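Chain and residue survey
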Amino acid sequence: MHTSRRAYLVWSAGLFAYVVAVLQRSSFGVSGLEAADRFGASPTVLAGFLVLQLLVYAALQVPVGLLLDRFGARTMVLAGAVIMTAAQVLVALATSLPLAIAARVLVGVGDALTFISVLSVLSTWFAPRRVPLMTQITALLGQFGQVLSAIPLATVLHAYGWTTAFLSAAGIGVVAAVAVLAVFRDRPPGSPAPAPASSPREVVDGLTGAWAHPGTRLGLWSHAGTQFSGLVFALLWGVPYLVAGQGMTPTGASVMLTVLVLAGAVVGPVFGEFTARHPLRRSWLVLSVIGATALVWTVVLLVPPPAPLWLLVLLVVVLAANGPCSAVGFDYARTFNPAHRRGTAVGIVNVGGFTASLTTTLLVGLVLSVSGGYTPEAFRLAWLVQFPIWALTAVAVVLARRKARRVMAAEGTVVPPLREALRRNRRRRQAR
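A brief look at the structure comes next. (Residues numbered from 1 in each chain as written. Predicted model: local features only at pLDDT ≥ 70, side-chain atom pairs only at ≥ 80, totals over all residues. Heavy atoms only, no water.)

**Here's the deal with the overall build of the protein**
Defined as follows: Put simply, DSSP H or I for four residues or longer makes a helix, DSSP E for two residues or longer makes a strand, and each gets a number counted from the N terminus. The reference for a compact globule is 2.2 Å times residues^0.38; the radius of gyration itself is calculated from the C-alpha atoms. Any residue under 20% of the maximum accessible area for its type is buried, any over 50% is exposed, and the rest in between are partly exposed; the area is computed with a 1.4 Å probe on protein chains only. Should any heavy atoms of two residues lie within 4.5 Å, those residues are counted as being in contact. The method behind every accessible area is Shrake-Rupley, applied with a 1.4 Å probe, and residues are considered shielded solely by the protein chains displayed. Positive residues here are Lys and Arg, negative ones are Asp and Glu, while His and the chain termini are left out of the count. Working definition for charges: the position is that of NZ of Lys, CZ of Arg, CG of Asp or CD of Glu.
Assigned secondary structure in the protein consists of 21 helices and zero strands. The globule rule puts the C-alpha radius of gyration for 432 residues at 22 Å, and the 21 Å found for the protein is close to it. By principal-axis analysis of the C-alpha atoms, the protein measures approximately 55 × 50 × 45 Å. Split into buried and exposed, the 432 residues of the protein put 52% on the buried side. Residue pairs at least 24 apart in sequence account for 83% of intrachain contacts in the protein once pairs closer than 6 positions are excluded. Looking at the protein as shown, the accessible area adds up to about 18,000 Å², and 69% of this sits on carbon and sulfur atoms. Once the 33 positive and 12 negative side-chain charges of the protein are each reduced to a mean point, those two points are 10 Å apart.

Here is the structure:
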């Protein structure tokens, strides 16, 4: 397949829609303290904003896959952009708590429609050998939506107020919707139509088969253990913690979120190359990131606030590795499942990280509420809720890895994508 200029144009429109989706998703992370003042929200209620948003996102992963098969990527991405734009208008104008919460739920709906729909067109517009690279680039560049929320949106928020900031975010959503409508297409002209959507029985069989394989569960626990700490920090509690818990200025906290995104863009390709070269060492990468994240948080929480700037920067850099490492979970879904159920397996894996994230978000809010609100000591107690989740997921990764290896040994087979990766490694060793 020859990659044409139009392929990159189509991809660029989809990427822009995803960047805007990440902006809308993370916009509450830079406005948490302002939201508490505007709506009179306690830390628990404030956490509820993000918990509902993440709960909707996680719950819709498998249904979105089914809708994607039936309606196509262009319709799904366009619907996501329109829904999130409307949601941000509601956030901008809302003065009551129920309306604001409903708006953030709609942000979760639109966000859920976007990422996997954008990824689905890569295989129709690009040669198979380029799809993994384009997937990685899409995921990495999409996170620059956090930079847009951390700097331009935060600047508008502090200079012109709540309503102007969120109406500006809605305006960018309109631009994304127009770009998708004008440029984004499911497949090149003249390409064959997709296969018919799966029947309900085939959907159930795919879900059962994907979950039954320990490799899928290994992906779920890997995703859960590595994603939640960085995501919770970026989406809600990072800025309030750095400002109220560590004494940083709002501008300084926004810069720290930018560092998180930039560091993730550097780490991502390194992790991708490692998993490609060493497919049987992926779990060690996962366990190492879980351990490193827990260790740095331990040091930060033991140091009386305000912690030294270099230590907070180190925390942010380690948290930046969480997102790229969580992608290892998707790699497990791809390599341990046949082609006809990989999408289902990816949806199952994606539920893991977002479930851990919403659980952590809610628990941090509850601890802050019962410990005196946004104080340094309350934050030190609140972040402790992460440690049981790390322990649970690390043990689950080890157990699922053991079961997956037993299945591979019993069957005497290696899943085709994994077999190909092992062959590449063997050829590299022979070439040396």
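More follows now that the structure is in view.
**Things to note about the side chain of Ser283**
Inspection of the secondary structure assignment puts Ser283 in helix H14 (residues 282-302). Residue classification places Ser283 among the buried positions, given a relative accessible area of 2%. The residues contacting Ser283, other than those within four sequence positions of it, are Tyr332, Val397, Arg401 and Arg405.

**A word on the nonpolar core**
Generally speaking, a soluble globular protein has its nonpolar side chains buried in company with each other. Defined as follows: Residues enter a nonpolar core if they are buried and are Ala, Val, Leu, Ile, Met, Phe, Trp, Tyr or Cys, with the set joined through side-chain atoms within 4.5 Å.
Membership of the largest hydrophobic core comes to 113 residues, with the highest contact counts inside it found for Phe233, Trp237, Tyr241, Trp297 and Trp383. Leave out the neighbours within four places in its chain, and Tyr241 touches Phe233, Gln246, Trp297, Val300, Leu301, Phe379 and Trp383. Membership of the second largest hydrophobic core comes to six residues, among which are Ala210, Leu220, Ala333 and Ala345.

**Description of the pattern of salt bridges**
We apply this condition: Here, a salt bridge means any side-chain nitrogen of Lys or Arg that lies within 4 Å of a carboxyl oxygen of Asp or Glu.
Tallying each qualifying case throughout the model produces three salt bridges. Measuring nitrogen to oxygen at the nearest pair gives 2.6 Å for the salt bridge that ties Arg25 to Asp111. Placement of Arg25 in helix H1 (residues 5-26) and of Asp111 in helix H6 (residues 97-120) is noted, with a sequence separation of 86 residues between them. A single burial state applies to Arg25 and to Asp111, both of which are buried. Here Asp331 makes a salt bridge to Arg282, at a shortest N to O gap of 2.9 Å. Note that Asp331 is positioned in helix H17 (residues 328-336) and Arg282 in helix H14, a separation of 49 residues in sequence. We classify Asp331 as buried; its relative accessible area is 15%. Relative accessible area serves as the criterion here: at 2%, Arg282 is assigned to the buried category.

**Overview of the environment of Phe379**
Tracing the chain through its elements places Phe379 in helix H19 (residues 376-382). Once the C-alpha coordinates of Phe379 and Trp221 are considered, the two residues, 158 residues apart in sequence, prove to be 26 Å apart. If near-sequence neighbours (up to four positions away) are discounted, Phe379 is found in contact with Trp237, Pro240, Tyr241, Ala244, Gly245, Leu368 and Tyr374.

**Focus on H1**
Rules: Expected span, for any helix, means 1.5 Å times one less than how many residues it has.
Here H1 is 22 residues long and its end C-alpha atoms lie 31 Å apart, about the 32 Å a rise of 1.5 Å per residue gives. With 16 of its 22 residues buried, H1 lies for the most part within the structure.

**Things to note about unusual backbone geometry**
Look at the link from Pro305 to Pro306: it is a cis peptide, with omega at 0°. You can see Pro306 is positioned in the loop between H14 and helix H15 (309-320).

**Observations concerning the packing of helix H3 (residues 43-59) against H6**
Cut-off, in case you're wondering: Axis lines are fitted through C-alpha atoms, for helices just across the contact stretch, and the angle between N-to-C directions can take any value from 0 to 180 degrees. Should an angle fall under 35 degrees it is taken as roughly parallel, and over 145 as roughly antiparallel, whereas 65 to 115 is taken as roughly perpendicular and any remaining angle as oblique. Take the far helix as the reference: if the near one is turned anticlockwise from it by less than a right angle, the crossing is left-handed, and if turned clockwise, right-handed.
Direction vectors running N to C along H3 and H6 enclose 30°, while the axes themselves pass 7 Å from each other. The angle between the axes of H3 and H6 places the two elements in the roughly parallel class. Of the two elements, H3 crosses H6, and the hand of that crossing is right-handed. Across the interface between the two elements, Val45, Phe49, Leu52, Gln53, Val56 and Tyr57 from H3 touch Leu97, Ala100, Ile101, Arg104, Val105, Val107, Gly108, Val109, Asp111, Ala112 and Phe115 from H6.

**With respect to the packing of aromatic side chains**
The geometry of two aromatic rings is summed up by the distance between their centres and the angle between their planes. The line we're drawing: Whether two aromatic rings pair depends on their centres lying within 6.5 Å, for rings of Phe, Tyr and Trp, where Trp uses its six-membered ring; planes under 30 degrees apart make the pair stacked, over 60 edge-to-face, and the rest tilted. For a lysine, the NZ atom is tested; for an arginine, the CZ atom; a charge sits over a ring if that atom is within 6 Å of the ring centre and within 35 degrees of the ring normal.
Counted by the stated rule, this structure contains 17 aromatic pairs. The interplanar angle of 80° and the centroid separation of 5.6 Å between the aromatic rings of Tyr241 and Trp383 together place this pair among those described as edge-to-face. Of the two residues, Tyr241 sits in helix H12 (residues 214-245) while Trp383 sits in the loop between H19 and helix H20 (386-411), which places them 142 residues apart along the sequence. This pair shows no difference in class: Tyr241 is buried, exactly as Trp383 is. Taken together, the aromatic side chains of Phe233, Trp237, Tyr241, Trp297, Tyr374, Phe379 and Trp383 make up a single cluster linked through ring pairs. Here the basic side chain of Arg217 rests over the ring of Trp211, its NZ or CZ set 5.8 Å away from the ring centre.

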